[in-house]
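Given next are the chains, with one letter for each unit.
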Amino acid sequence: MSRFSPSLPVPSVASSYPGGARRAAARWRPGLASQPLHSEIFAPGHQACGVGLALALARDALKAAADSADAARRHVLWVQDRAAIRLGGRPYLHGLPADLRYRVIHVAATSPEDALFAMEEGLKCRDLACVIGEVAGNPRTLDFTASRRLSLAAERAGIALWLVRLDAAPDLSSARMRWRAAAAPSLPPRWNPTAPGAGRWHAELFRARAHLPGEWMLSDDAGALRAERVSPLAASPPDHGDLADGSGARSLAAG
Amino acid sequence: MAIWLMDLALDRWRQVNRLARGEGADAAPLALISDTAHGPRIDAVNPAARAAGAAAGMRLADARALCPALAAVPSDPAGDLACLEKLALWAQRWGPWSALDPPDGLLVDTTGASHLFGGEARLLADLAAAFGQRGFAARAALAPTAGAAWALAHFAAHSRAQPAILAPGDDPMRLLGDLPVAALRLDGDVITVLRRLGLKRIGDLVGLGEGGDPAAARDALQRRFRNRKSPATNPLIRLDQLLGLVPEPLLPVVAQPMPLVQRQVTEPIRHRALLDRVLADLAADLQRELAARGSGARRVELLLWRVDGEVIMRRLELAAATRDPAHLIGLLAAKLDGIDAGFGIETLRLCASWCEPLHAAQADIEAAAEAHGTTLAGCLDRLAVRLGAGAVTRPVPHPSHWPERAQRWQAPLESEPASQGMLNFHQRPLKLLDKPESIAVLYAAPDGSPQRFRWRGQVRDVVRVEGPERIAPEWWRERSTARLRDYYRIEDSCGARYWIYRHGLVGDGRGGAPLWFLHGLYA
C-alpha cells in the first residue's frame, strides 16, 4: 500500500473529483471491504456467466463484510422475471455454490415491474444477505428513476443488490458499479485436459463511482474470487492492486 | 361410556343423499367400496345387500357374483373421520371429556354426570334418542373402563329392559365373561391364534372354563405371547385394561374455536377510507384475541357482507405466524383494491382459520433496529400477496437421480425435508432450463460427442467436451419406452459452457434417431 504524504503533490486527476479523491484513484480488486451496494452486470442471455459473476462478486463481498455469525445463515433472494427464466432457466440446487445452496429463495416474477417490486422489497428486508436480480432486455419500467429507487433502497438498508441484465443495452442507470461480462475459456482442469474446467469470466468494469474502469479475467477458486488484470495493451505489466499508477485515463462518461 | 356407530359410513351416505333408511336408492342392494391393489373392496353394505349375501370386506366382483344388481358407490373415509370428530365434540353433552375411537366409535367419560340425566339407564336412552334423531344407528354401553365399555357396546346383547351397564361394584366377568375374544380389541391374526387354541370367550382367557386354574391360564398366555408388546397384539394387556388393572391412556378431543372478530356498522360503509379504519379496528381486536391464546395467524379470512346480501371474501396466507396488526392491514389493503361496495358494507368479519403457537417475544431493545427494515417473513408475505403464492419458493433436494426431479420447490420458510448427503461426483450446471431446448448437431465426433451444433439460430463450435454421463430413466415411474440420456459437458469456442444430452441411443428400439437437447448452463 502506498501512502500519500501531505508534502507530496496530489495527482491532478484526483483533485478533479470532489470528495473521496483517494478512493477515486483506487483500482477495484477482490476483497475490498467497502463495496458499493448496487451493481449492474450486463451479460449475454445465452450464457450463465452474468449470474455466475454476480454470485462470485456477492460471495466475495459477503466474505469481506462478514460482520456477525448469522450473516452466513441469512437467505439470498434471487429474483427473475419471466423473460429471464425463458432465456436462461432457473437456478439448479445441485449446481449452486455449496455455501449458498440452502439459502436461496427464488422469486419468479411475471413482469419486470413485479421483479423490480420484489427486488425493492428484498432490499427493505433486514434478514437477507443480498439480493440478486435477473431482468432480460431493456424494459420501459427499468429506467433511471427505477434504478435510483433501487440504489436508495439498497443504501438505506445496507443490503447489496446485483442486477444482471441479460441481452440489454447499457442505458441510463444509477448503479454504483457497472460490469460487462462474457464467458472466457475456462481454466484447464487438473486431470482431464479435454474437459471444460472451472469457469472464468471476462469482466469489464466500465462505470464505477469509486474505482477506475478496467478489465479483468475473474474466476471463482473454491469460494475465493481470483482476478487477473487484462490490459488493452498486451504487453502491459500485471496489476499490483491499488499502487499509485499514473492512471489519468479514467473516463467519466463511459457507458 | 363407549358409543358404537354401527353404520356410520352408510348413515353418512344417506344423509348426503337426503334419503331415509330403506328408501329410494337405499331400498336396492348397495355397497360402499374403496379401491385397493386387488380391485374394489366393499367397506359397508346396506340391509338389502346384506340380505342378498354381500358383506363388508368382500371384493366387489365376488359380491356381484352373488347379487348382480348390487350398486357400488365410492366410500369416503376422510369424510367419515371428520364427521366422527364433530360427533365426538357433540357427544360432550353427556360428559366433559370425549375421545375418538376410529373408525366408527366414540368414548365419553361420564363419571359423575349420569345423575344429570336421571340415572345411567336414562342417559343411555337419551343417547339412543339423540343419535336416532340425527339419523345414526348407535349402540352405547357404560362401564368403569374404556375397554369394558367398548366390549359391551360392540358385543353385548342390547335391550331396553337390560341396558349394557357395568356398575363399578359388579363382577366384570359376570357380564363380560361370555363375550367373544374379539371384544378385547385385538388384531385379526391374534384372534385367529386364540380361536385355534380353543379360547373363544373372554372367560376362557381368565381360566373360568371347566376345571380352569386362573394362575395357570395366565402363565400359559404369558408364555405364548411374551414377544408381543403392543396392547392390540397381546390379549393379557387388553384383559388387564378391560379390568382396569393397567392404565389405558386416551387422547381427548378438544374443541379449538377459531379466533374471530366481527364489527357491525350502523351506517353501511361505501368508501375505502372508512373501510380501512374499521379494518384497523378489527386487526387490533384480532391481535388481542390471538395474543390471549398465545398464537399467531397463518391464514386470515376477511368476509364483508354487503347490504344487498352479497358476501365478499378475501383470503390471506402468511409465511410465518404473526399477529402484527400493521402487517395484516398492509397485506389486506393490497387485496381490497377494486372491491365493489355496492350499496354499502354492513358487517365485517376477520377470522384466523389457521393458527400456530406464537409466544410473546422480546422486542429488539434498540428501537432503531426494529424500524430498520422488515423481517424475512414479512417480506415474503408482501411478495406472495403481490406475485401470487407460487412465485416465492425455495429449491430443496429430492431423492432422485433424474436431473429435473432432483430438486423440488417448496414454500420458503417450511422446514427442509430430510435428505441424504449429496454425492458430488459430477458437476451440475448453475441454471437449468425449464424445458430442454432442442439443438441441431451438425457434426459429431466418431465417439458420439458433438463438435458443432446450432442453438437459438447460432452455430457453435465445441472446443472441450466431457462425457457421456449416462442417466437412465426411473423405470419404476416411467413407461418402458422412456429413453435414457447421455449428458455431455461442453465448452464452445467463446468459453460458454453448456450441459447437453442425447436423448436415447441409435437402435434402442424406442423411437427413431436420437435427438439432442440443451438442458443447462454452467456459470
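Residues numbered from 1 in each chain as written. Chains lettered and ligands numbered in written order. Predicted model: local features only at pLDDT ≥ 70, side-chain atom pairs only at ≥ 80, totals over all residues.

## What about the overall build of chain B?
- When helices and strands are counted, chain B shows 15 helices and 19 strands.
- The buried share of chain B, taken over its 523 residues, is 33%.
- Contacts in chain B between residues far apart in sequence, at least 24 positions, make up 53% of those at least 6 positions apart. (Helix = DSSP H or I, 4+ residues; strand = E, 2+ residues; numbered from the N terminus. Buried ≥ 20, exposed ≤ 12 C-beta atoms within 10 Å, placed from the backbone. Contact = placed C-beta atoms within 7 Å.)

## A few points about the overall build of chain A
- Secondary structure summary: chain A contains six helices and ten strands in total.
- Long-range pairs, those at least 24 residues apart, make up 73% of the contacts in chain A between residues at least 6 apart in sequence.

## Brief notes about the interface of chain A and chain B
- Taken together, the 45 residues of chain A in the interface contact 43 residues of chain B.
- When contributions to the side of chain A that touches chain B are tallied by element, the ones reaching two or more residues are α3 (49-64), α4 (82-88), β3 (90-91), β4 (104-109), α5 (112-124) and β7 (177-184) of chain A.
- Each residue belonging to the side of chain A that touches chain B can be placed in one class, and the counts come to 25 nonpolar, 14 polar and six charged.
- In this sheet, strand β12 (residues 392-397) of chain B lies alongside β4(A) in antiparallel orientation, the contact comprising two bridges. What sits directly across from Val107(A), in β12(B), is Val392(B). (Nonpolar A, V, L, I, M, F, W, Y, C, P; charged D, E, K, R; others polar. Pairing = 2+ DSSP bridges.)

## With respect to the pairing of β7(A)
All names here are of chain A.
- With six of eight residues buried, β7 is to be regarded as a mostly interior element.
- Both strand β1 (residues 38-43) and β7 contribute to a ladder of four bridges, which runs parallel. From the neighbouring strand, Phe42 faces β7, where its bridge partner is Arg180.
- The sheet contact formed by β7 and strand β8 (residues 200-208) spans eight bridges and is antiparallel. From the neighbouring strand, Ala181 faces β8, where its bridge partner is Ala203.

## Observations concerning the sheet that holds strand β11 (residues 345-357) of chain B
Residue and element names in this part refer to chain B.
- Reading across the sheet, the four strands line up as β8-β11-β9-β10 and stay open at both edges, with antiparallel pairing between neighbours. Each edge of the open sheet carries a strand with a single partner, namely β8 (260-269) and β10 (311-322). For this sheet, the mean angle separating the axes of adjacent strands, direction not counted, is 15 degrees.
- Direction of pairing for strand β9 (residues 295-306) relative to β10: antiparallel, over a ladder of eight bridges. Within the sheet, the bridge partner assigned to Trp305 lies in β10 and is Val311.
- Sheet contacts for helix α12 (residues 272-293): β8, β9 and β11; angle to β8, the most-contacted strand, approximately 160 degrees.
- Along the sheet, helix α13 (residues 325-335) contacts β9 and β10; its crossing angle with β10, the most-contacted strand, is approximately 140 degrees. (Axes fitted to C-alpha atoms, helices over the stretch in contact; angles between N-to-C directions.)

## Describing the sheet that holds strand β2 (residues 30-36) of chain B
Residue and element names in this part refer to chain B.
- The strand order across the open sheet formed by three strands is β3-β2-β4, and the pairing between neighbours is mixed. In this open sheet, the two strands that pair with only one neighbour each are β3 (39-45) and β4 (71-74). Strand-to-strand twist across the sheet, computed as the mean angle between neighbouring axes with direction ignored, equals 45 degrees.
- Alignment of β2 against β3, held across six bridges, turns out to be antiparallel. Residue pairing for β3: Asp35 is matched across the bridge by Pro40.

## Quick notes on the confidence of the model for chain B
- Scored by pLDDT, chain B comes out at a mean of 88, with 96% of its residues at no less than 70.
- Here the complex is predicted with pTM 0.66, and the ipTM for its interfaces comes to 0.81. (pLDDT = per-residue confidence, 0-100.)

## Examining the nonpolar core
- Counting 115 residues, the largest nonpolar core has Leu53(A), Cys130(A) and Trp162(A) as the members making the most contacts within it.
- At ten residues, the largest contribution of residues to this core is made by α3(A).
- When near neighbours in sequence (up to four residues on either side) are disregarded, Cys130(A) contacts Ala58(A), Leu62(A), Val76(A), Ile159(A), Ala160(A) and Trp162(A).
- The next biggest cluster of nonpolar side chains, apart from the first, holds 67 residues, and it includes Leu32(B), Leu106(B), Ala138(B) and Trp150(B). (Core = buried A, V, L, I, M, F, W, Y, C linked by C-beta atoms within 7 Å.)

## Topic: the pairing of strand β9 (residues 214-221) of chain A
All names here are of chain A.
- Where β8 meets β9, six bridges bridge the pair, whose relative direction is antiparallel. Residue Glu204 lies in a different strand from β9, and its bridge partner there is Glu215.
- In textbook terms, the turn of a hairpin is the stretch between consecutive antiparallel strands, and for β8 and β9 this stretch comprises five residues.

## Section: the environment of Ala143(B)
All names here are of chain B.
- Along the chain, the position of Ala143 falls in the loop between β7 (138-141) and α6 (146-155).
- For Ala143, a count of 26 C-beta atoms within 10 Å corresponds to the buried category.
- Each C-alpha atom of the pair Ala143 and Asp109 lies 9.9 Å from the other, and the pair is 34 residues apart in sequence.
- Beyond its immediate stretch of four places on either side in the chain, Ala143 contacts Ala148, Ala149, Leu152 and Leu166.

## What about helix α5 (residues 120-134) of chain B?
Residues and elements named next belong to chain B.
- Spanning 15 residues, α5 covers 21 Å between terminal C-alpha atoms, matching the ideal 21 Å at 1.5 Å per step.
- Buried within α5 we find Leu123, Leu124, Leu127 and Phe131. Along the axis of α5, the buried positions cluster into a sector of 95 degrees, meaning they face one direction only. For α5, exposure combined with an orientation more than 90 degrees from the buried face picks out Ala129, Gly132 and Gln133.
- On its buried face, α5 is in contact with β7. (Expected span 1.5 Å × (residues − 1). Arc of directions from axis to C-beta.)

## Observations regarding the confidence of the model for chain A
- Considering every residue of chain A, the mean pLDDT works out to 80; 78% of them sit at 70 or more.
- Considering only residues more than four positions removed or in separate chains, one finds that residues 1-24 of chain A, a stretch of pLDDT under 50, has 19 contacts.

## Quick look at the environment of Thr111(B)
- By the secondary structure assignment, Thr111(B) is in the loop between β6 (105-109) and α5.
- We classify Thr111(B) as exposed; it has 12 C-beta atoms within 10 Å.

## Section: the packing of α12(B) against α13(B)
Residues and elements named next belong to chain B.
- Close contact between α12 and α13 brings their axes to 9 Å; oriented N to C, the two are set at 140 degrees. Classified by the angle their axes make, α12 and α13 are oblique. Of the two possible hands of crossing, α12 and α13 adopt the one that is right-handed. Packed against α12, whose contacting residues are Asp276, Leu279, Ala280, Ala283, Ala284 and Gln287, the element α13 presents Pro325, Leu328, Ile329, Leu332 and Ala333 at the interface.
- Here the residues of the contact of α12 with α13 sort into nine nonpolar, one polar and one charged. (Parallel < 35°, antiparallel > 145°, perpendicular 65-115°, else oblique. Left-handed = near helix turned anticlockwise from the far one by under 90°.)

## Description of the packing of α5(A) against helix α15 (residues 376-387) of chain B
- Viewed as axis vectors pointing N to C, α5(A) and α15(B) meet at an angle of 170 degrees, and their least axial separation amounts to 9 Å. When the interaxial angle is binned, α5(A) and α15(B) end up roughly antiparallel. When α5(A) is examined against α15(B), the residues Asp114(A), Phe117(A), Ala118(A), Glu121(A), Gly122(A) and Lys124(A) are found in contact with a partner set consisting of Cys379(B), Arg382(B), Leu383(B), Arg386(B) and Leu387(B).

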